[in-house]
Amino acid sequence: MTREAYGQPRIHPVLGVSTEARTIHNLRTGEVTVPADVKIWTLACGWVERIELIVHRGFLLLLIASYLLAASIPSLGQSLRHPVQVGHDELQATVSLSRVLLAVLLFLAGLSIDLRMLWNAVRRPTPLLASLLAKLLVPTCFVLLLAFVFAALGVSPGISGMLLGLALVAAMPTAGSSPAWAQKSGGDVALSLGIVVGSTLLCPWFGGLWWGELGKLLSSFDAQHASELDDLAISVFGTFFLSWFLVPSLLGIVARYSLGSSRRQVLQPHVRFLGNVILLLLIYAFASTSLSKVVDANQFTQLATAFGLAALLCLVNFLAGWLTGKLSRFDRRTKLSMLYAIGMHNNGIALLLADSILPADSIVFLPVIAYAMCQHVVAGITDSIVIWC
C-alpha cells in the first residue's frame, strides 16, 4: 500500500516547468520515493538558482571578464551589433540584436518599478529633490569644466572624443541597478526608485540646456566631435530616446501590474538575474569593437586615459552623493540611497544612443564602457564599507 503526499505547486519562470513537489510513501516498508520527473525538475531548479547566485555575487568579476573577452575574442560581440533588415517594403526597418537586448533590459527595469514605492518617495520631497538637483548639476559642471580646460590646452581629437563620451554619460539618468545596490546596503529603495524615474524624466530636458555650451567649447578645438555632439543631441533629446527608452520601460510597468502580486513574487528574483546577464552581453558587444581596436593598435595609453577620466567622473559623482546626504543630515538609509543614485548612470542607454549615430569603432564608446566598470567597482567598495562599519 502506498500513499502520495503533495506539496504546493511550484512554477519556475526560467525553465517554464510546472509540477508538484510529490513524494510516494510506502506504508508497508516505510520507504519514501520521489518520482523521476520531480527529481529532474528539482535538480534543474537547483542549477538555475546556483547560476543566479554566482552572477549576483560575482557580477563585478564577470564584468571584468566581459572586457577581457571583448579584447581577445571580439567577433561574437561584433555580430551582436550587426544591423539586420526586418520587414518589407514601406515597413522595412534596420535593427540589431544589441538594441533588442537593451529594449528587453529597459522592459525588465520597468517591471521592477513599484508605483506605491514611488508615491512614498514623493511624499518625502526634500531628499528626492536634493538628489535630483545634485544628479543634474554635478556631472554637468564637471564635464563643462573639463571641456573648458581642454579647450584652453588645445588637446588632441582623441581626448576630445573621450570628453564627448563623458558628456553622454553625464546626460544619462540614474542606473536601474541603483535600487538593487541600495537594497543590498540597507538603503531606502523607494527613494532610489524615485530618483531613477525622476532623473529619467528630467535628464533629457536638462541635457538640452547645456549640450549647446559644450558644443561651442568643442568646436573651438575639434570640429568633428562637435558635429557628432550635435547629432547625438538630436538622438538624446528627441523621439529616438522616447521610442527606445520610455516605451519599453512603460510596457514593463504595465506588465508588472498585469501579472498580479503572486506571479510577481515568483518572477522578481529572476528579473535581476536576467537583467545582469543582458547587461554583461551589451558591455561585451560594445567593448568588442572599441577594445579590440585599441589592443590591435597598441594604444594602451588611450585606454588608460579613458578609464582615468571615467574613474574621475565616477568618484566626483559618488562624492557628490555622499556630501549631499551629509550636508542635508538625512537618516542613514536615505544617505545610502542618495549615494548610489547620484553616483551611478545608465550606461545601457548611453551605448544605444551612441550606437545609433556614431561609427562602431568610435573612441566615444571607450569612456562609456569604462564608466560601467568604474561605477560598479565603487559601488562594491561602498557596500563593503557599509557592511564593516
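Residues numbered from 1 in each chain as written. Predicted model: local features only at pLDDT ≥ 70, side-chain atom pairs only at ≥ 80, totals over all residues. Heavy atoms only, no water.

Visitor: Please clarify how the overall build of the protein chain should be interpreted in this entry.
Guide: In terms of regular secondary structure, the protein chain is built from 16 helices and five strands. Counting across all 389 residues of the protein chain, residues that qualify as buried make up 49%. For the protein chain, contacts bridging at least 24 residues in sequence account for 78% of all contacts bridging at least 6. (Helix = DSSP H or I, 4+ residues; strand = E, 2+ residues; numbered from the N terminus. Buried < 20%, exposed > 50% of the residue type's maximum accessible area, 1.4 Å probe, protein only. Contact = heavy atoms within 4.5 Å.)

Visitor: Sorry if this is basic, but what is going on with the packing of aromatic side chains here?
Guide: The way to describe two aromatic rings as a pair is by their centre distance and the angle between their planes. Under the counting rule described, the total for this entry stands at three aromatic pairs. Judged by centre distance (6.2 Å) and plane angle (65 degrees), the rings of Y67 and F307 are edge-to-face. With Y67 in helix α2 (residues 59-72) and F307 in helix α13 (residues 300-328), the pair connects residues that are 240 residues apart, well separated along the chain. Taking the relative accessible area as the measure of exposure, Y67 reaches 6% and is therefore buried. (Phe/Tyr/Trp six-rings, centres within 6.5 Å; stacked < 30°, edge-to-face > 60°.)

Visitor: Even after reading the chapter, I still don't get the side chain of H345, so can you show me in this structure?
Guide: In this fold, H345 is placed in the loop between α14 (332-343) and α15 (347-357). What makes H345 buried here is its relative accessible area of 1%. With residues up to four places along the chain from it excluded, the contact list for H345 reads K135, P139, V169, A170, M172, P173, T174, A175, N317, Y371 and Q375.

Visitor: Teacher, can you tell me more about a nonpolar patch on the surface here?
Guide: There is a patch of nonpolar side chains on the surface, built from L145, F148, V149 and L153 and spanning about 420 Å² of accessible area. In this fold, V149 is placed in helix α6 (residues 125-153). Judged by relative accessible area, V149 falls into the partly exposed class, the value being 33%. (Patch = residues over 30% accessible without salt bridge, like charges linked within 9 Å, V, L, I, M, F, W, Y side chains within 5 Å. Areas by Shrake-Rupley, 256 points an atom, 1.4 Å probe, with all protein chains shown as cover. Salt bridge = Lys/Arg side-chain N within 4 Å of Asp/Glu carboxyl O.)

Visitor: Looking at this structure, I do not really get α13. What am I missing?
Guide: Within an α-helix, residues lying three or four positions from one another point in the same direction, as the helix has 3.6 residues per turn. The terminal C-alpha atoms of α13 lie 42 Å apart, and with 29 residues this matches the ideal 42 Å at 1.5 Å per residue to within 8%. Listed as buried for α13 are L303, A306, L309, A310, L313, C314, N317, F318, A320, G321, T324 and G325. (Expected span 1.5 Å × (residues − 1).)

Visitor: Before we go on, may I ask you to explain the nonpolar core in this structure?
Guide: Generally speaking, soluble globular proteins have nonpolar side chains that are buried together. Among the nonpolar cores identified, the biggest contains 77 residues, and Y67, V143, W210 and F318 are the most heavily contacted of them. Core analysis: the second largest hydrophobic core is formed by 10 residues, L132, A134, A320 and A341 among them. (Core = buried A, V, L, I, M, F, W, Y, C linked by side-chain atoms within 4.5 Å.)

Visitor: How should I be thinking about the packing of helix α4 (residues 97-111) against α15 in this particular structure?
Guide: Between two packed helices, the angle of one axis relative to the other and the distance separating the axes together describe the packing. Where α4 contacts α15, the axes come no closer than 10 Å and their chain directions differ by 150 degrees. One finds that α4 runs roughly antiparallel with respect to α15. Every pair of crossing elements has a handedness; the one defined by α4 and α15 is left-handed. Counting all contacts with α4, which are made through S98, R99, L102 and L106, the residues of α15 involved are G348, I349, L352, D355 and S356. Per-class residue counts for the contact of α4 with α15 are four nonpolar, three polar and two charged. (Axes fitted to C-alpha atoms, helices over the stretch in contact; angles between N-to-C directions. Parallel < 35°, antiparallel > 145°, perpendicular 65-115°, else oblique. Left-handed = near helix turned anticlockwise from the far one by under 90°. Nonpolar A, V, L, I, M, F, W, Y, C, P; charged D, E, K, R; others polar.)

Visitor: Got a minute to help me understand the state of the cysteines in this structure?
Guide: Defined simply, a disulfide is a covalent bond joining two cysteines at their sulfur atoms. Considering all chains together, one arrives at zero disulfides under this definition. The thiol of C374 is unpaired, and the distance to the nearest cysteine sulfur, on C314, comes to 5.8 Å. Assessed through its relative accessible area of 11%, C374 is described here as buried. (Disulfide = S-S within 2.5 Å.)

Visitor: Explanation requested: the environment of L115 in the structure shown.
Guide: Counting through the fold element by element, L115 comes out in helix α5 (residues 115-122). Note on L115: relative accessible area 42%, which makes it partly exposed. As for L115 and G194, which are separated by 79 residues in sequence, their C-alpha atoms are 9.3 Å apart. Apart from the residues lying within four places of it in its own chain, the contact partners of L115 are I253 and Y257.

By themselves, these figures tell us nothing about what the structure is for.
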